[in-house]
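One letter stands for each residue in the lines below.
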Protein chains: 2
Amino acid sequence: MQIRLAARPVGYPKTSDFSIEESPIPEPGEGELLLKTQYLSVDPYMRGRINDRKSYAPNVEIGEVMIGRSVSKVIASNHSDFQPGDIVWADHGWQAYGISSAQGLRKIDPSLGPISTALGILGMPGLTAYFGLLEVGKPKARETVVVSAAAGAVGSLVGQIAKIKGCRAIGIAGSDEKVNYAIDGLGFDGAFNYKTTADYRTELQSLCPNGIDVYFDNVGGTITDAVFSLMNMWGRISVCGQISQYNLIEPEMGPRMMAGFIGKRLQMQGFLVGDFADQHAEGLQQMSVWLKEGQLNYREDIVEGLENAPQAFIGMLRGDNIGKRLVKCEG
Amino acid sequence: MQIRLAARPVGYPKTSDFSIEESPIPEPGEGELLLKTQYLSVDPYMRGRINDRKSYAPNVEIGEVMIGRSVSKVIASNHSDFQPGDIVWADHGWQAYGISSAQGLRKIDPSLGPISTALGILGMPGLTAYFGLLEVGKPKARETVVVSAAAGAVGSLVGQIAKIKGCRAIGIAGSDEKVNYAIDGLGFDGAFNYKTTADYRTELQSLCPNGIDVYFDNVGGTITDAVFSLMNMWGRISVCGQISQYNLIEPEMGPRMMAGFIGKRLQMQGFLVGDFADQHAEGLQQMSVWLKEGQLNYREDIVEGLENAPQAFIGMLRGDNIGKRLVKCEG
């Protein structure tokens, strides 16, 4: 089974923007491997990759298999480095079987934890939180860190890492269940539900009595406007995502905020996790230590069946998930 | 004579927002000096200081003497470090005579150049250009630097320093005369008049065939929107001023631009010249070397008479000046 892009989404993607096709199991050629998908990751960045617009990476063309990372099992191998049964971190997209030249393939050590964590806390989302907070946001002990999409794969880790570093961690999320999870499950100092809060700024003011030093932004839009107005002198804004903007048909207008950058000496920086590629091993090492020490919690939100990947993706864009959303394919 | 703030300006200041009052020449007390203003500086930052809104420095209250830096002459001194006749860089605002405790007072060496340059190329505007470009914008040789308000006190120096550093320098200014001055007088590689150009983006594209690496922003608004859309990967935005926004009665809306920060890894930082106080001496030293070597040109736009300071200030906010606007007081 393969899932291909059938149409360029206008606004929020629809399931009809994807086509599900049965396909024969491919044969690996010389030096190649046959992989079978175990878990597929659906992530916000994929929304940008199915647009027509130029992005930081090539777009998926109509008719192509949808891109995405997976945890896969080696079924057959014509490559001396990999044996059948090996579990690997792969990049063959939304399909049940994939062929790989072994380039970019990385073995997963199942003794480190459940293999699915290679797509979450011990994978790109974990590293995104780690480097985006520590290298871009540069929080210092006793500072206040605010993170949006606080119950998501990345945000849930940002708040916990902030706590490990001695900061006050405040989250913004889209349901009471997420808010409770952030506070009770993850140890955030506070959080609020932006869908039921009329005045974000007042709410943030009461949760951040000393102002905001670091903002890890996953969402953009009006939530971000409110955070900006409360940034402290020398504050840092780590721009990880802008999910509120990805499904807009027309670019959104908002209050201009650059004048505030001068007096407060704010610093804002966008990043991608790949910018820190040469530090990934060290970041994973630290994350797995914290995980084993019980300093980090995580949740997975698992949708069963590759054929449900489009719905899983669309739902994630709407914020249905708590923790890392994955698609589990039949073993 | 003293010029006091008579009313909080709504939008652009009017001359009636200031009052001109005759006042007796004050007497210096023990340890104090009597100063006579020679040149007064009018600068964009002053607009923020006459608002009600909280700014990075205390506001001028209604009835108070308007703040501002000056080059002044010591008339009488009860302080052993200063003698009558000394020329000093002072902070006593818009008045013909001021009393100083000598705190923050700095002697100006008239052999370095005309004393008025202590308010321009060898003063705060010069240091603002120097540190805002080199420390915040961090241009590398062969990169493209764009500066707005390119014929102003700061912008005119930013482009020239960019050229010294081996960059392509492109300016944006508000008249054909300013554009010609930037290109012919200052050696910019190109410039355009935003008041007569319909499509800033297309114009910038033709002037910046390799995109924009560093943007030194003095203005904000729609000019900045156009520059943003052409920023290169890893581009830096040095936020020095937002003069297009200072006189607005309602905050302006603009297209949200944070999503572009992610893929391009843009970095934006606001600064004030005082952030680099411990490097000012070194910056001045370098600027005066470049000036003596003929690598920097400057112009002064001098308005005669303290009583004309309000008009000089308001005109500067509207972009009447080419180069540094000063008010010359009677000797």
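Residues numbered from 1 in each chain as written. Chains lettered and ligands numbered in written order. Predicted model: local features only at pLDDT ≥ 70, side-chain atom pairs only at ≥ 80, totals over all residues. Heavy atoms only, no water.

Visitor: Teacher, can you tell me more about the overall build of chain A here?
Guide: If you tally the helices and strands in chain A, you get 10 helices and 16 strands. Taken over C-alpha atoms, the radius of gyration comes to 20 Å for chain A, in line with the 20 Å a tight globule of 331 residues would show. If one aligns the C-alpha atoms of chain A with their principal axes, the spans along those axes are about 60 × 45 × 35 Å. Out of the 331 residues in chain A, the part that is buried amounts to 57%. Sequence-distant contacts, at least 24 apart, represent 66% of the contacts inside chain A between residues at least 6 apart. Working note: accessible area of chain A is about 13600 Å², and carbon and sulfur atoms make up 50% of it. Across chain A, the centroid of the 31 positively charged side chains sits 6 Å from that of the 37 negatively charged ones. (Helix = DSSP H or I, 4+ residues; strand = E, 2+ residues; numbered from the N terminus. Rg over C-alpha atoms; globule rule 2.2 N^0.38 Å. Buried < 20%, exposed > 50% of the residue type's maximum accessible area, 1.4 Å probe, protein only. Contact = heavy atoms within 4.5 Å. Areas by Shrake-Rupley, 256 points an atom, 1.4 Å probe, with all protein chains shown as cover. Lys, Arg positive; Asp, Glu negative; His and termini not counted. Charge placed at Lys NZ, Arg CZ, Asp CG, Glu CD.)

Visitor: Explanation requested: the interface of chain A and chain B in the structure shown.
Guide: Interfaces are often sized by the accessible area lost when the parts come together. Taken together, the 35 residues of chain A in the interface contact 35 residues of chain B. Of the roughly 3000 Å² buried between chain A and chain B on both sides combined, carbon and sulfur atoms contribute 64%. B:Arg265 is paired through a salt bridge with A:Asp275; the nearest N and O atoms lie 2.6 Å apart. Taken together, chain A and chain B are joined by 10 residue pairs in polar contact (both at pLDDT 80 or more). (Buried area = accessible area lost by both parts, 1.4 Å probe. Salt bridge = Lys/Arg side-chain N within 4 Å of Asp/Glu carboxyl O. Polar contact = N/O pair within 3.5 Å; in protein donor to acceptor, adjacent residues only side chain to side chain.)

Visitor: Looking at this structure, how should I read the packing of helix α2 (residues 124-137) of chain A against helix α3 (residues 155-164) of chain A?
Guide: Two measures define how a pair of helices packs: the angle their axes make with one another and the distance between the axes. All names here are of chain A. Close contact between α2 and α3 brings their axes to 9 Å; oriented N to C, the two are set at 50 degrees. With respect to their mutual orientation, α2 and α3 come out oblique. As α2 packs across α3, the resulting crossing turns out to be right-handed. In this structure, α2 uses Pro125, Gly126, Ala129, Tyr130, Leu133 and Leu134 to contact α3, whose residues at the interface are Leu157, Val158, Ile161 and Ala162. Across the contact of α2 with α3, the residue classes tally to 9 nonpolar, 1 polar and no charged. (Axes fitted to C-alpha atoms, helices over the stretch in contact; angles between N-to-C directions. Parallel < 35°, antiparallel > 145°, perpendicular 65-115°, else oblique. Left-handed = near helix turned anticlockwise from the far one by under 90°. Nonpolar A, V, L, I, M, F, W, Y, C, P; charged D, E, K, R; others polar.)

Visitor: What's the story with the packing of aromatic side chains in this structure? I'm lost.
Guide: Two aromatic rings, taken as a pair, are described by how far apart their centres are and by the angle between their planes. Under the criterion given, the structure shown has 20 aromatic pairs over all chains. Both rings, one in B:Phe18 and one in B:Phe313, keep their centres 6.2 Å apart while their planes meet at 90 degrees; by these two values the pair is edge-to-face. Separated by 295 residues along the polypeptide, B:Phe18 in strand β2 (residues 18-21) and B:Phe313 in helix α10 (residues 309-317) bring together distant segments of the chain. Each member of the pair, B:Phe18 together with B:Phe313, is buried. Here the guanidinium or amino end of A:Arg318 rests over the ring plane of A:Tyr12, the centre of that ring lying 3.7 Å away. (Phe/Tyr/Trp six-rings, centres within 6.5 Å; stacked < 30°, edge-to-face > 60°. Lys NZ or Arg CZ within 6 Å of the ring centre and 35° of its normal.)

Visitor: Sorry if this is basic, but what is going on with the pattern of salt bridges here?
Guide: Note on pairing: side chains with opposite charge can pair once their charged atoms come close. All names here are of chain A. As enumerated under the stated definition, the model contains 26 salt bridges over all chains in all. Among the salt bridges present, the one from lysine 140 reaches glutamate 143, with a minimum N-O distance of 3.8 Å. By sharing partners, the salt bridges in this structure join Arg8, Asp52 and Glu61 into a single network.

Visitor: Whenever I open this one, the relation of the copies chain A and chain B confuses me. Can you help?
Guide: Each of the two chain copies can be generated from the other by rotation about an axis followed by a shift along it. The operation relating chain A to chain B is a screw motion whose rotation component is 180 degrees, with 0.0 Å of axial translation and a residual RMSD of 0.0 Å. Each copy turns onto its partner about a two-fold axis. Of the interface residues in chain A, 100% have counterparts in chain B that sit at the interface too, so the contact is made through matching surfaces. (Least-squares fit on C-alpha atoms with pLDDT ≥ 70 in both.)

Visitor: Got a minute to help me understand the packing of helix α5 (residues 200-207) of chain A against helix α6 (residues 221-228) of chain A in this structure?
Guide: Residues and elements named next belong to chain A. Axis separation between α5 and α6 bottoms out at 9 Å; the angle between their running directions is 50 degrees. Considered as vectors, α5 and α6 are oriented oblique to each other. In terms of crossing hand, the pair formed by α5 and α6 is right-handed. Contact residues: Tyr200, Arg201 and Leu204 in α5; Thr222, Ile223, Ala226 and Val227 in α6. Of the residues contributing to the contact of α5 with α6, the split by class is 5 nonpolar, 1 polar and 1 charged.

Visitor: I keep staring at the confidence of the model for chain A and nothing clicks. Help me out?
Guide: A low pLDDT means the predicted coordinates there should not be read in detail. Mean pLDDT for chain A: 95, with 99% of residues reaching 70 or above. Per the prediction output, this complex has pTM 0.93; the corresponding ipTM is 0.92. (pLDDT = per-residue confidence, 0-100.)

Visitor: Help me understand the side chain of A:Thr128 in this model?
Guide: Of note, A:Thr128 is situated in helix α2. Leaving out residues up to four positions away in the same chain, A:Thr128 has contacts with A:Leu133, A:Val154, A:Phe216, A:Cys240, A:Phe271 and A:Val273.

Visitor: Honestly, the pairing of strand β6 (residues 97-100) of chain A in this entry has me stumped. Any pointers?
Guide: Strand residues, when the strand is regular, have side chains that alternate between the two faces of the sheet. Residues and elements named next belong to chain A. Of the two faces of β6, the one holding Gly98 and Ser100 is buried and the one holding Tyr97 and Ile99 is not buried anywhere. As judged from the 4 bridges shared by strand β3 (residues 33-41) and β6, these two strands associate in the antiparallel manner. Residue leucine 35 lies in a different strand from β6, and its bridge partner there is glycine 98. (Pairing = 2+ DSSP bridges.)

Visitor: In this structure, what is going on with helix α3 (residues 155-164) of chain B? I would like to understand it.
Guide: The α-helix advances 3.6 residues per turn, and as a result positions three or four apart in sequence lie on the same side. Residues and elements named next belong to chain B. By the criterion of burial, α3 is predominantly enclosed, with 8 of the 10 residues buried. Taken together, the buried positions of α3 are occupied by Gly155, Ser156, Leu157, Val158, Gly159, Gln160, Ile161 and Ala162. If you follow the buried residues of α3, they end up packed against α2 (124-137), β8 (144-148), β9 (168-173), β11 (212-217) and α9 (280-292). In the stretch just after α3, glycine 166 is the one whose phi turns positive, near 85 degrees.

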